[in-house]
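Fold and contact review
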Amino acid sequence: MPTPFWQKSSYCGEGDACIHICASPTGTIGLTESGDPRGATIRTAPIALAALLRALKKGALHD
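Note that the structure is a prediction, hence the values are computed from the model and not measured. (Residues numbered from 1 in each chain as written. Predicted model: local features only at pLDDT ≥ 70, side-chain atom pairs only at ≥ 80, totals over all residues. Heavy atoms only, no water.)

**As for the confidence of the model for the protein chain**
With 84% of its residues at a pLDDT of at least 70, the protein chain reaches an overall mean of 81. Within the protein chain, the lowest mean pLDDT, 82, falls on strand S1 (residues 7-8), and the highest, 92, falls on strand S4 (residues 42-44). (pLDDT = per-residue confidence, 0-100. Helix = DSSP H or I, 4+ residues; strand = E, 2+ residues; numbered from the N terminus.)

**Details of the pairing of strand S2 (residues 19-23)**
Of the two faces of S2, the one lined by His20 and Cys22 is fully buried and the one lined by Ile19, Ile21 and Ala23 carries no buried residue. Pairing of S1 with S2 involves 2 bridges; the strand directions are antiparallel. Looking across to S2, one finds that lysine 8 is bridged to histidine 20. Where S2 meets strand S3 (residues 29-33), 5 bridges bridge the pair, whose relative direction is antiparallel. Paired with isoleucine 21 across the bridge in S3 is leucine 31. (Buried < 20%, exposed > 50% of the residue type's maximum accessible area, 1.4 Å probe, protein only. Pairing = 2+ DSSP bridges.)

**Let's talk about the side chain of threonine 32**
Relative to the elements of secondary structure, threonine 32 occurs in strand S3. Residue classification places threonine 32 among the buried positions, given a relative accessible area of 4%. Within the structure, the side chain of threonine 32 is placed 3.0 Å from the backbone oxygen of alanine 40, a separation counted as a polar contact. (Polar contact = N/O pair within 3.5 Å; in protein donor to acceptor, adjacent residues only side chain to side chain.)

**So, the sheet that holds S4**
With antiparallel pairing, the 4 strands of this open sheet are ordered in space as S1-S2-S3-S4. Whereas interior strands pair on both sides, the edge strands pair on one side only; in this sheet they are S1 and S4.

**Here we look at the layout of surface pockets**
As a volume, the largest pocket reaches approximately 450 Å³. Around the largest pocket, the lining is made up of 19 residues, and of these Ser9, Ile19, Ile21, Leu31 and Leu53 lie nearest the centre. Residue assignment for the lining of the largest pocket shows that the elements contributing at least two residues are S2, S3 and helix H1 (46-58). Considering every element that reaches the lining of the largest pocket, the biggest residue donor is H1, with 4 residues. (1 Å grid on protein atoms, 1.4 Å probe; cavity = no way out; pocket = protein on both sides within 12 Å on 5 of 7 lines; lining within 4 Å. Points joined across faces, edges and corners; volume = space filled by probe spheres on them.)

Pasting the structure below:
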């Protein structure tokens, strides 16, 4: 199995509070935080990630 190529978010400044993302050969998207890149990884379908990003951009997700 090939090693995933993780990319840091373009919105990330300096420091350890960033999101890393990778695409797998199976078509899923992986997300992890830069503070612990070998820690927990979330895997999702591209369509689900797109829906989440749309909701975040609209401000639809509030506490």
